[in-house]
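Inside the fold
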Amino acid sequence: MNSNQLTIASNFSLGKFAEVYDDMADNIRWEIVGQQTLEGKENVKAHCQNIAAYFRSVTTDFNIHQTVQADGKVAIIGLGEFTREGIIISKISACDVYQFDFENKIRSIASYCIEVSKPKNP
């Protein structure tokens with residue numbers, strides 16, 4: 001078990017992107033299943049910065065429910081809740097699967113995200 005890989009993966013899944021930029025391989029590939037695939041560290045960082053800007057516009061509550069780690073791979077399973085002015089605007093169930101290279105850099109991420117609760121329209 002590699003605790004460094006687990007820390008890196010957990011930080012990314014919790015939205016602490018800036019803390020893991022140095023831990024990304026230059027040729028990282030991030031597939032956000034059903035939405036888009038990003039290739040290369042600069043493209044991934046740019047997308048992370050956009051997500052971080054959204055996170056600053058809402059209150060976020062991320063909870064990791066399970067982690068699985070084996071052979072240079074880490075899976076993080078959790079739930080995220082986003083609120084604005086005390087009102088829940090979204091809840092998601094998510095799973096991020098990380099693959100690390102021999103230098104402990106993130107080589108690829110596959111992110112699965114399902115919205116489990118939406119606000120009701122009046």
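Conventions we followed
- Residues numbered from 1 in each chain as written.
- Predicted model: local features only at pLDDT ≥ 70, side-chain atom pairs only at ≥ 80, totals over all residues.
- Heavy atoms only, no water.
- Phe/Tyr/Trp six-rings, centres within 6.5 Å; stacked < 30°, edge-to-face > 60°.
- Buried < 20%, exposed > 50% of the residue type's maximum accessible area, 1.4 Å probe, protein only.
- Lys NZ or Arg CZ within 6 Å of the ring centre and 35° of its normal.
- Helix = DSSP H or I, 4+ residues; strand = E, 2+ residues; numbered from the N terminus.
- Expected span 1.5 Å × (residues − 1).
- Arc of directions from axis to C-beta.

**A few points about the packing of aromatic side chains**
Geometry of an aromatic ring pair is reported as the spacing of the ring centres plus the angle between the planes. On inspection of all chains with the given rule, the structure shows 9 aromatic pairs. Pairing tyrosine 54 with phenylalanine 55 gives two aromatic rings, centres 6.2 Å apart and planes at 55°, and the pair type is tilted. Judged by its relative accessible area of 18%, phenylalanine 55 is buried. A ring pair is formed by phenylalanine 55 and phenylalanine 62, whose centres lie 5.3 Å apart and whose planes are at 65°; its orientation type is edge-to-face. Members of the aromatic cluster, each reached through a chain of ring pairs, are Phe12, Phe17, Trp30, Tyr54, Phe55, Phe62, Phe82 and Tyr98. Sitting above the plane of the tyrosine 21 ring, lysine 45 keeps its charged end 5.1 Å from the centroid.

**Here's the deal with helix α2 (residues 41-57)**
Along its 17 residues, α2 runs 25 Å from first to last C-alpha, staying within 8% of the 24 Å computed at 1.5 Å per residue. Burial in α2 covers these residues: Lys41, Val44, His47, Cys48, Ala52 and Phe55. End-on view of α2: buried residues confined to an arc of 145°, all on one side of the axis. Residues of α2 that are exposed and point over 90 degrees away from its buried face: Glu42 and Asn50.

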